[in-house]
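# Structure assessment
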Amino acid sequence: MPSSTAGENVGKILLKAEQLERRFGGLTAVADFSFDLKEGEILGLIGPNGAGKSTTFNLISGFMPPTSGKLFYLDENITGKSATYISRKGLIRTFQHDSLLSEMSVADNIIIATTHRLKNAAARREKMREMAKLTGLENYLEVTAGSLPHGLQRMLSIAIALAAEPKVLCLDEPLTGLQGVEVAAALDLFEMIRSKLGITILLVEHNMRAVMRICDRILVLNHGRLLAEGTPEEVSRNELVIEAYLGHKK
Ligand SMILES: Nc1ncnc2c1ncn2[C@@H]1O[C@H](COP(=O)(O)OP(=O)(O)OP(=O)(O)O)[C@@H](O)[C@H]1O
Ligand SMILES: [Mg+2]
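Computed from a predicted model, the values in this text were never measured in an experiment. Along every chain, residues carry numbers that run from 1 in the direction the sequence is written. A letter from A marks each chain and a number from 1 marks each ligand, given out in the order of writing. Per-residue local features are limited, in this predicted model, to residues with pLDDT of at least 70; the limit for side-chain atom pairs, both in listing and counting, is 80 or more; totals at the level of whole chains, interfaces and linings are taken over all residues. Processing note: side-chain calculations cover all non-hydrogen atoms of the structure and skip hydrogens and water entirely.

Okay, the domain arrangement of the chain next. Taken domain by domain, the chain consists of domain 1 (1-90 + 166-250) and domain 2 (97-165). Residue ranges labeled as domains rest on an automatic or database domain assignment. Centre-to-centre separation of domain 1 and domain 2, based on C-alpha positions: 24 Å. What makes two residues a contact is simply this: any of their non-hydrogen atoms within 4.5 Å. At the junction of the two partners, domain 1 supplies 22 residues and domain 2 supplies 13 residues. Across the interface of domain 1 and domain 2, roughly 1,200 Å² is buried in total on both sides, 69% from carbon and sulfur atoms. When the buried area of domain 1 at its contact with domain 2 is split by residue, Arg-88, Pro-166 and Leu-189 rank highest and sum to 38% of it. Here, a salt bridge means any Lys or Arg side-chain nitrogen found within 4 Å of an Asp or Glu carboxyl oxygen. Our count for the contact surface shared by domain 1 and domain 2 stands at zero salt bridges. Two N or O atoms form a polar contact when they lie within 3.5 Å of each other; inside protein one atom must be a possible hydrogen donor and the other a possible acceptor, and for residues adjacent in sequence the pair counts only when both atoms belong to side chains. Applying the counting criterion to the domain 1 and domain 2 interface returns five residue pairs in polar contact (both at pLDDT 80 or more). To qualify as a helix, a DSSP run of H or I must reach at least 4 residues; to qualify as a strand, a run of E must reach at least 2; elements of each kind are numbered from the N terminus. If you list the elements that add at least two residues to the side of domain 1 that touches domain 2, you get helix H2 (83-88), strand S7 (168-172) and helix H6 (180-195). Put simply, buried area is how much 1.4 Å-probe accessible surface two parts lose in total, over both of them, once they are put together.

Let us now look at helix H3 (residues 106-114). Here's how the labels work: a residue is buried when its accessible area is under 20% of the maximum for its type, exposed when over 50%, partly exposed in between, all with a 1.4 Å probe on protein chains only. The element H3 is extensively covered by neighbouring structure, given that seven of its nine residues are classed as buried. Along H3, the positions that sit buried rather than exposed are Val-106, Ala-107, Asn-109, Ile-110, Ile-111, Ala-113 and Thr-114. Turning to H3, the residues buried within the fold contact helix H4 (121-134) and helix H5 (150-163).

Here the focus is the pairing of strand S3 (residues 42-46). For S3, the tally of buried residues reaches five of five residues, placing the bulk of the element in the interior. Neither face of S3 is left uncovered, since the one carrying Ile-42, Gly-44 and Ile-46 and the one carrying Leu-43 and Leu-45 both have all their residues buried. Two strands qualify as a pair provided DSSP detects at least 2 bridges between them. Bridge count for S3 against strand S8 (residues 200-204) is four bridges, and the pairing is parallel. Note that in S8 the partner of Gly-44 across the bridge is Leu-203. Pairing of S3 with strand S9 (residues 217-222), which is carried by four bridges, proceeds in the parallel orientation. Of the residues in S9, the one forming a bridge with Ile-46 is Val-220.

In this section: the site of ligand 1. A cutoff of 4 Å decides nearness: a residue is near a molecule or strand if any of its heavy atoms lies inside that distance of it. The environment of ligand 1 is made up of 14 residues, and the closest members are Gly-50, Lys-53, Thr-55, Gln-96 and His-206. A distance of 2.9 Å separates an oxygen atom of ligand 1 from a polar backbone atom of Gly-52. A distance of 3.4 Å is found between an oxygen atom of ligand 1 and a side-chain nitrogen or oxygen belonging to Glu-173. Considered on its own, ligand 1 offers 630 Å² of accessible surface; in the complex 63% of this is hidden by protein. Only the protein chains shown count as covering a residue, and every accessible area follows the Shrake-Rupley method with a 1.4 Å probe.

Taken in spatial order, the four strands make up an open sheet running S2-S1-S4-S5, and their pairing is antiparallel. The sheet is open, and its two edges are formed by strand S2 (27-38) and strand S5 (76-77), each paired on a single side. Sheet analysis places strand S1 (residues 13-24) next to strand S4 (residues 68-73), joined by five bridges and oriented antiparallel. Note on S4: the bridge partner recorded for Glu-21 is Ser-68. Structural elements are reduced to axes, namely lines fitted to C-alpha atoms, with helices fitted over the stretch in contact, and the angle between N-to-C directions of any two is expressed from 0 to 180 degrees. Contacts from helix H1 (residues 53-60) reach S1, S2 and S4, with the element oriented near 65° to S2.

Attention now moves to the packing of H4 against H5. In the contact formed by H4 and H5, the axes pass within 9 Å of each other and the chain directions differ by 140°. Relative to H5, H4 is oriented oblique. The element H4 and its partner H5 pack so that their crossing is right-handed. Residue-level contacts link Lys-127, Met-131 and Leu-134 of H4 to Ala-159, Leu-162 and Ala-163 of H5. Residues are sorted three ways: Asp, Glu, Lys and Arg are charged, Ala, Val, Leu, Ile, Met, Phe, Trp, Tyr, Cys and Pro are nonpolar, and all the rest, Gly among them, are polar. Classifying every residue of the contact of H4 with H5 by side-chain character gives five nonpolar, no polar and one charged. Any angle between 65 and 115 degrees counts as roughly perpendicular, while under 35 counts as roughly parallel, over 145 as roughly antiparallel, and the rest as oblique. In a left-handed crossing the near helix is turned counterclockwise from the far helix by less than a right angle, and in a right-handed crossing that turn is clockwise.

What follows deals with the nonpolar core. Ranked by size, the top nonpolar core spans 50 residues in total, and within it Ile-110, Leu-137, Leu-156, Phe-190 and Ile-193 carry the most contacts. Among the elements that make up this core, the one with the highest residue count is H5 (nine residues). When residues are assigned to domains, this core turns out to be shared by domain 1 (1-90 + 166-250) and domain 2 (97-165), each giving three or more. Apart from residues no more than four positions distant in its own chain, Leu-156 is found in contact with Leu-100, Val-106, Asn-109, Ile-110, Leu-137, Ala-145 and Leu-148. We call a set of buried residues a nonpolar core when its members are Ala, Val, Leu, Ile, Met, Phe, Trp, Tyr or Cys and they connect through side-chain atoms within 4.5 Å of each other. With 25 residues, the next largest nonpolar core counts Leu-43, Leu-45, Phe-57 and Leu-221 among its residues.

In structure tokens:
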């Protein structure tokens, strides 16, 4: 088990999906998808383009309801609850395509995310500074978000998510467009988020080397269905997984 959390709660199930399904007209984007996310782990969710990964994030974060199936978070049935309700309970997601307030400063982008938790302006500012420092943004506080280089915009998305004080952080392709050295720094950050901040991570990512390095466990989706589940070693040896990827190269 990861060493991040201590005491009797290590490994308890934080999020449970039961037979999730999401249809868009005639297309079934997610089908019969059941999984558990355990406290303290970094769980990978991988699969070829269009496999249903972002749709799964939309379902668990309340951005859209499942067509059928159930979701439990912290032992509460959250199926059909709003995105605001779920985020206030500490399940926070980032977006595959950046959702920054590009005309606003880095500082203000982060401060806005603190407002549900912190009522005091000084406390919000302190939180903002802390999160900016963690993500390497402390020298860019007054820069507008839209003018940051791409890699730092990805970091800002993570700072914003962290400012909301997640228990569970769902990252949708956070490494896209990052350079080698930025990827290494981002992976160190994810490890630190888990070990020092005690935050459980669900990671969607196409960078297989990164996924294999950082995840404790991996779920593989294909055409909306769970194709395989296991440790990075198990998944990378799985014939069905290899076939699915070779058939759907980007
Ligand atoms: N709002 C929507 N309306 C209609 N179809 C959708 C919608 N969102 C997703 N889809 C479809 O559902 C399927 C799964 O999409 P999804 O975005 O979840 O895939 P993904 O695994 O995140 O892919 P990628 O790796 O390219 O990000 C795709 O066929 C997509 O076109
Ligand atoms: Mg996606």
